[in-house]
Amino acid sequence: MKRIIALTMALLCVLLLCACGSNGGAEGSADPAEAIQNEKTVTISTPYADLRVPESFDKAVSHEETGNDPYVLTFKSNADGTELFSFIFNGEGDNLFGTLMGKEANTVIHLRINELDETAENYEDNLFYQSQMNLILGYLTEDYEIATNEVVAYEDTENFDIETSVVTLKYPAKWKDKVQVDVQEDGVKFSADGTPLFDLMFKKCDGYLLGTYQDTPIYMVEHPVESEEHIAMQTGVNVILENLMQDPDFVINN
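It should be emphasised that the depicted structure is a prediction, and the values quoted were computed from it without experimental measurement.

Participant: Got a minute to help me understand the pairing of strand β6 (residues 95-100) in this structure?
Facilitator: A regular strand places its side chains so that they alternate between the two faces of the sheet. Across the six residues that make up β6, a large majority, six, are buried. One ladder, built from five bridges, connects β6 with strand β7 (residues 107-113); its direction is antiparallel. For Leu100, the partnering residue across the bridge sits in β7 and is Thr107. Hairpin connection of β6 to β7: six residues between the antiparallel strands. As paired elements, β6 and strand β8 (residues 146-148) share three bridges and run antiparallel to each other. For Thr99, the partnering residue across the bridge sits in β8 and is Ala147.

Shown next, in the form of structure tokens:
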């Protein structure tokens, strides 16, 4: 039977199956949301998230942790040792659940759902406990920001301040330790490992006029670069411009 394996790609479908899990002497709820509210849980802590699992797992289902990169949390039947399902953090698995969005890093979560032996004595019990994975996923989406069915690359949106004689500029914090910022009276020059990236000048020059700040012109002079990293550092000027545009004293050049 493969009705469990087909249910992990969309959380709504996963949760709906909770109502079907009435095997092994346990009662299923007609309403998945009600099942989540009424089910007593215990917490399993991982390096990435705290998982709330049904209290019934305490005696019937055990778990083991393996690896570090990826980190795998596997649930097994205590009755016969059958592996039921696994959570795989930052690794590969049969089914992508989604991305746990974090402040410093994102964590991709895959699931591995083992096919059960229908001839085994404990098949019905194992099938029910395997379906309880749906409750765990439901709690996970309640407790954390999850981009379901997506792999989302982490993007550091923090900025740091650059004080100048005209205005405070904001530049991506991810480049703070790699980009050298030379603040001068009439502008700011950005470079990396001796390679000029771009200049922001507070006077008319051979560059592109971004706009004016309290009647002071801000010109951008872009230098030729070759590496992908240096190009990415150059695009940080867009962050500077976006923040300037939020200041009523800045008038963008149309």
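Participant: Can you help me understand the nonpolar core in this one?
Facilitator: Nonpolar side chains in soluble globular proteins generally cluster together in the buried interior. In this structure, Phe57, Phe75, Phe85, Phe87, Ile136 and Leu140 are the most contacted members of the largest nonpolar core, which totals 29 residues. Of all the elements in the fold, those that place two or more residues in this core are β2 (50-54), α3 (57-60), β4 (71-77), β5 (83-89), β6, β7, α4 (123-131) and α5 (133-143). In contact with Phe75, other than residues within four places in its own chain, are Ile44, Val53, Phe57, Val61, Ser62, His63, Thr82, Glu83, Leu84, Phe85, Phe87 and Ile136. Core analysis: the next-biggest nonpolar cluster, separate from the first, contains 25 residues, Ile162, Leu169, Phe202 and Ile218 among them.

Quick notes on the rules
- Within every chain, residues take consecutive numbers counted from 1 along the sequence as written.
- Local features are withheld for residues below a pLDDT of 70 in this predicted model, meaning they are given only at 70 or higher, and side-chain atom pairs are given and counted only at 80 or more; totals for whole chains, interfaces and linings count all residues.
- For the side-chain quantities, the full set of heavy atoms in the structure was used; hydrogens and water were omitted.
- Buried, partly exposed and exposed residues are distinguished by accessible area as a fraction of the type maximum, computed with a 1.4 Å probe on protein chains only: under 20%, between the cut-offs, and over 50%, respectively.
- Every helix listed is a DSSP run of H or I at least four residues long, and every strand listed is a run of E at least two residues long, numbered separately from the N terminus.
- Pairing between strands is defined by DSSP: at least two bridges between them are needed.
- Among buried residues, the Ala, Val, Leu, Ile, Met, Phe, Trp, Tyr and Cys ones that are joined through side-chain atoms within 4.5 Å form a nonpolar core.
- Any two residues whose heavy atoms approach within 4.5 Å are treated as being in contact.

Any functional reading would require information beyond the geometric quantities listed.
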